[in-house]
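# A structural walkthrough
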Amino acid sequence: MKNSEIAKVFQDIADLLELKGENPFKIRAYQKVVRSIEHLPVEVEQLVKEDRLKEIPGAGEAITKKITELVTTGKLGFYEKLKAEFPEGISTLLYIPGIGPKTAMLLSSELDIKSVDELEAAIVGGKVASLPRMGDKITENILHHIQALRRKDQRIPIGAALPVVDEITAQLNVLPRLKNLVPAGSLRRFRETIGDIDLMGTADNPREIMHAFTTLPQVKEVLASGTTKSSVIVSGELQVDLRIVEHDSFGSTLQYFTGSKQHNINLRERARRQGLSLSEYGITNLATNELEKFATEEAFYERQGLQFVPPELREGQQEVERAERGTIPRLVELSDIKGDLHVHTDWSDGRDSIEAMALAARELGYQYLGITDHSGGRGIAHGLDVERLRQQILQIKELNQKLDGIYIFSGIEVDIRADGSLDMPDELLAKLDIVIAAVHSSMNQSQEQMTRRIIGAIENPNVDVLAHPTCRLLPDRGPVAVDMEAVFQAAARTNTALEINGMPSRLDLKDTHTYRARELGVKLVINTDAHSTDHLGFMRFGVGVARRGWCQAQDILNTRPLEKVLAYLKGWRGIDSGKR
Ligand code: DGT
Ligand code: CA
Ligand code: CA
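First, a word on what this report is: a plain description of the structure on this page. Since the structure is predicted, the reported quantities are computational estimates derived from the model, not experimental observations. (Residues numbered from 1 in each chain as written. Chains lettered and ligands numbered in written order. Predicted model: local features only at pLDDT ≥ 70, side-chain atom pairs only at ≥ 80, totals over all residues. Heavy atoms only, no water.)

### Some thoughts on the overall build of the chain
Using the following cut-off: The helix and strand labels rest on DSSP assignments: H or I over at least four residues marks a helix, E over at least two residues marks a strand, and numbering proceeds from the N terminus. When we talk radius of gyration, it's over C-alpha atoms, and the globule rule is simply 2.2 Å times the number of residues to the 0.38. The buried label applies to any residue whose accessible area, calculated with a 1.4 Å probe on protein chains only, is under 20% of its type's maximum; exposed applies above 50%, and partly exposed to all values in between. Exposure was quantified through the Shrake-Rupley algorithm and a 1.4 Å probe, taking into account, for residues, occlusion by the shown protein chains and nothing else. Only four residue types enter the tally: Lys and Arg on the positive side, Asp and Glu on the negative side; His and the chain ends are excluded. The atoms used to mark charge sites are NZ of Lys, CZ of Arg, CG of Asp and CD of Glu.
Helix and strand counts for the chain come out as 24 helices and 17 strands. Against the globule reference of 25 Å for 580 residues, the chain gives a C-alpha radius of gyration of 26 Å, in line with a compact fold. With respect to the principal axes defined by its C-alpha atoms, the chain has extents near 80 × 60 × 50 Å. When the 580 residues of the chain are sorted by exposure, 55% land in the buried category. As presented, the chain carries roughly 25500 Å² of accessible surface, and 50% of it is formed by carbon and sulfur atoms. Computed over 73 positive and 83 negative side-chain charges, the inter-centroid distance for the chain is 3 Å.

### Side note on the pattern of salt bridges
To keep it simple, the criterion reads: By definition here, a salt bridge exists when the distance from a side-chain nitrogen of Lys or Arg to a carboxyl oxygen of Asp or Glu is within 4 Å.
Applying the stated criterion across every chain yields a total of 34 salt bridges. Across the salt bridge formed by arginine 188 and glutamate 297, the nearest N and O atoms sit 2.7 Å from each other. A residue pair is termed long-range when its members are at least 10 positions apart, and arginine 188 in helix α11 (residues 185-188) and glutamate 297 in helix α15 (residues 297-303) qualify at 109 residues. For arginine 188, a relative accessible area of 18% translates into the label buried. A residue is classified by how much of its surface remains accessible, and glutamate 297, at 4% relative accessible area, is buried. Salt bridges sharing partners connect three or more residues here, namely Arg189, Glu315, Asp511 and Arg548.

### Concerning the side chain of histidine 342
This is how the line gets drawn: For this analysis, a polar contact is any N or O atom pair within 3.5 Å, provided that within protein one partner can donate a hydrogen and the other can accept it, and provided that sequence-adjacent residues contribute only side-chain to side-chain pairs. Contact between two residues is taken to exist if any of their heavy atoms lie within 4.5 Å; hydrogens are not considered.
For histidine 342, the location among the structural elements is in strand β11 (residues 339-343). Its relative accessible area of 0% is what places histidine 342 among the buried residues. At a separation of 2.9 Å, a polar atom in the side chain of histidine 342 contacts the side chain of glutamate 413. Excluding residues that lie within four positions of it along the chain, histidine 342 makes contacts with Gly370, Thr372, Glu413, Ile436, Ala467, Glu499, Asn501, Asn527, Thr528, Asp529 and Ala530.

### Points about the site of ligand 1
Selection rule: Any residue with a heavy atom lying within 4 Å of a molecule or strand is counted as near it. Note on residue categories: nonpolar means Ala, Val, Leu, Ile, Met, Phe, Trp, Tyr, Cys or Pro, charged means Asp, Glu, Lys or Arg, and polar means any other residue, Gly included.
Around ligand 1, the structure places 16 residues, and the nearest of them are Arg155, Ser186, Arg189, Gly195 and Asp196. Note that an oxygen atom of ligand 1 is positioned 2.5 Å from one of the side-chain N or O atoms of serine 186. A distance of 2.8 Å separates an oxygen atom of ligand 1 from a polar atom in the side chain of aspartate 196. Mapped by element, the contributors of at least two residues to the shell around ligand 1 are α11, α13 (250-258) and α14 (261-273). For the shell around ligand 1, the leading source of residues is α13, giving 3 residues. Classifying every residue of the shell around ligand 1 by side-chain character gives 3 nonpolar, 6 polar and 7 charged.

### Section: the packing of aromatic side chains
What counts is decided by this rule: For Phe, Tyr and Trp, where Trp contributes only its six-membered ring, two rings pair if their centres lie within 6.5 Å, and the inter-plane angle classes them as stacked under 30 degrees, edge-to-face over 60, or tilted in between. For a lysine, the NZ atom is tested; for an arginine, the CZ atom; a charge sits over a ring if that atom is within 6 Å of the ring centre and within 35 degrees of the ring normal.
Scanning all chains against the criterion turns up 9 aromatic pairs. A ring pair is formed by tyrosine 301 and phenylalanine 308, whose centres lie 5.8 Å apart and whose planes are at 85°; its orientation type is edge-to-face. Assessed through its relative accessible area of 0%, tyrosine 301 is described here as buried. The exposure class assigned to phenylalanine 308 is partly exposed, which follows from its relative accessible area of 29%. These aromatic residues form a ring-pair network of at least three members: Phe294, Phe300, Tyr301 and Phe308. The positively charged end of lysine 66 is found above the aromatic ring belonging to phenylalanine 78, 4.4 Å away from the centroid.

### Focus on the coordination of the calcium ion (ligand 2)
Heads up, the rule is: Shown as donors are all N, O and S atoms within 2.8 Å of a metal ion, widened to 3.2 Å for Na, K and Ca; because water is not in the atom set, sites may appear incomplete. Geometry is assigned from the angles between donors: four donors with all angles from 85 to 135 degrees make a tetrahedral site, four or six donors whose opposite pairs exceed 155 degrees while the rest stay between 65 and 115 make square planar or octahedral sites respectively, and everything else is labelled irregular.
Surrounding the calcium ion (ligand 2) are the protein donor atoms Asp196 (O), Asp196 (OD) and Asp198 (OD), at 2.2 to 2.6 Å. Each of the 6 donor atoms bound to the calcium ion (ligand 2) contributes to angles spanning 68 to 165°, and the resulting shape is irregular. Taken as an interatomic distance, the gap from the calcium ion (ligand 2) to the calcium ion (ligand 3) is 3.8 Å; aspartate 196 donates to each of them. A residue is classified by how much of its surface remains accessible, and aspartate 198, at 11% relative accessible area, is buried.

### Observations concerning the coordination of the calcium ion (ligand 3)
The protein atoms that coordinate the calcium ion (ligand 3) are Asp196 (OD), Asp196 (OD), Asp198 (OD) and Asp241 (OD), at distances spanning 2.3 to 2.8 Å. Donor residues for the calcium ion (ligand 3) sit on one chain with the sequence pattern D-x1-D-x42-D.

### Re the pairing of strand β12 (residues 368-371)
The line we're drawing: We call two strands paired when DSSP finds no fewer than two bridges between them. Handedness is read with the strands pointing away from the viewer; a crossover is right-handed when the path from the first strand over the helix to the second is clockwise.
Going residue by residue along β12, you find Tyr368 and Gly370 tucked away on one face and Leu369 and Ile371 tucked away on the opposite face as well. Judged from the 3 bridges that link them, β11 and β12 form a sheet pairing that is parallel. Paired with valine 343 across the two strands is isoleucine 371, which belongs to β12. Viewed along the sheet, the connection from β11 through helix α17 (residues 354-363) into β12 turns out right-handed. The pairing of β12 with strand β13 (residues 407-415) spans 4 bridges and is classified as parallel. Residue tyrosine 368 lies in a different strand from β13, and its bridge partner there is tyrosine 407.

### Observations concerning the nonpolar core
Grouped burial of nonpolar side chains is what soluble globular proteins tend to show. For clarity, the cut-off: Throughout, nonpolar core names a set of buried Ala, Val, Leu, Ile, Met, Phe, Trp, Tyr and Cys residues whose side chains join them through atoms within 4.5 Å.
Leu172, Leu242, Ile412 and Leu498 are the most contacted members of the largest nonpolar core, which totals 94 residues. Examining the composition of this core, we find that 6 residues originate from one element, helix α10 (residues 158-172), more than from any other. Beyond its immediate sequence surroundings of up to four residues, leucine 172 is in contact with Leu178, Leu181, Ala212, Phe213, Leu216 and Leu242. Within the second largest apolar cluster, 48 residues are counted, among which are Ile6, Ile27, Leu40 and Ile96.

### Quick look at the sheet that holds strand β8 (residues 276-279)
Pairing between the strands of a sheet comes from backbone hydrogen bonds, and it takes one of two forms, parallel or antiparallel. Put simply, the rule reads: Helix axes are fitted only over the stretch in contact, all axes being lines through C-alpha atoms; the angle between N-to-C directions runs from 0 to 180 degrees.
In spatial order, the strands read β8-β9-β10; together these 3 strands make up an open sheet with antiparallel pairing. Each of the sheet's edge strands pairs with one partner strand only, and the pair in question is β8 and β10 (290-292). Each strand axis lies, on average, 25° off the axis of its neighbour in the sheet, ignoring direction.

In structure tokens form, the structure reads like this:
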């Protein structure tokens, strides 16, 4: 059973308990475990096998028992009984803001509504407004919330959201009295997909800023326009919220609206025990009722006796406990990256020449660049065959003599064929500086086949890096069926690096995979898979994923200087333990 399915069961339990009017503490405990499982770096099934369920933040004895029952039998008696007490589909109605347990029950018993779609139809058909305690105003409000939820459900890849943010901030930053304009929310936490964009800034004259914001040329619809907060829809059906606050409380407000919600709840619960109350305005001492303001987030965390928590870690996992103990490491930063080991050129399906790519890499301050065009295998346009690869190796040699300040690795992105063999002879692969293996076809194989196929490539001593193992494409193409735990173990065993692909439509490995791979000691490398010089900028997305996986610079191969990377890649061939 997948983590997402397990999380869904417990979310449903929390909702049904809410309908039942259960103790809020109990409900919150379930919600906390749902968040934990959603962000868990390892399969719950694996934790059950290793008797490590207690490591799930918030999972006490009662809940671990239930998880074990659910995972081992595929069913949970408690949940089945609870479901039977209520009409079908009722808990889904609770997701709509403005619908509490009472209203949900009313809609279900009076109109037999089982889903959000049915509710929308009933409102439009005028059936809901005539119910007791409802009325036109309330139903219209519910309809609005339904539409907003739909928009939020269509989460967009962070790579599509960031350019929108850059464009909007560039336009607003010309306003002289607007200061500190920054993204908050999931965007700042670098989640791979974004429900809506949250921006915030400080100003003494919020009205003027709000007016400029709601009249931006890309605004299609103004959802709300207030003095300190406005929401608009911009092209691409994306909601953007802007909040303007006073300078003195910028730190606590940014912290609040960066979230995540679960991180903030965890902080608030901890603060309560210290007699403090947290809000977007600051910290109130409950004994004296005095409000302390914070201009920076650092000061806000410090006042609570906590180490600063980087936004990428604020998902309500173990980060508050770690901050309390002062054991949050310095995470890898973009400026630590010394090269990119996976790029394409006009030799295969890239746009630019090897030289242009190398010069662009040098411009970024890199020491090295790995040219890894596609092999000729089926389905890949202009892939290299043996002869052209030999020619490319020669050209790269010449370029390396000609160019100063950047070293070019000769490499290949070799296709892993459906039967697990590689699309290039081993003796040629052995001559290359770097070999990246990846799946590009036959993606519907069974999990068993696919796992064997990928591990076969990992075990080939010529393969240095496995790229984008799940083959997913955001937002639409889901991952292939593959046992990632087995892939991580094989990579660790054979000292094969796994790639964090920074292309915004891939981000594969993703955050939780990265976390687990690092934990198992797998060497990681962050690449862009650039198909043109401007794609080299995708590195920041890959670094975001690595940071969400708690990676430090030392965990990432391409934070090392050229000599180290060279030695590392060479050293892998036969010198290391095991088969290498
Ligand atoms: P998203 O937009 O779905 O990708 O995720 P977020 O995290 O950006 O969520 P969003 O836009 O609803 O709210 C931004 C942050 O503001 C969120 O991470 C925490 C804070 N926040 C918003 N609404 C609430 C709320 O009702 N309660 C609490 N505790 N925090 C909230
Ligand atoms: Ca948001
Ligand atoms: Ca928002």
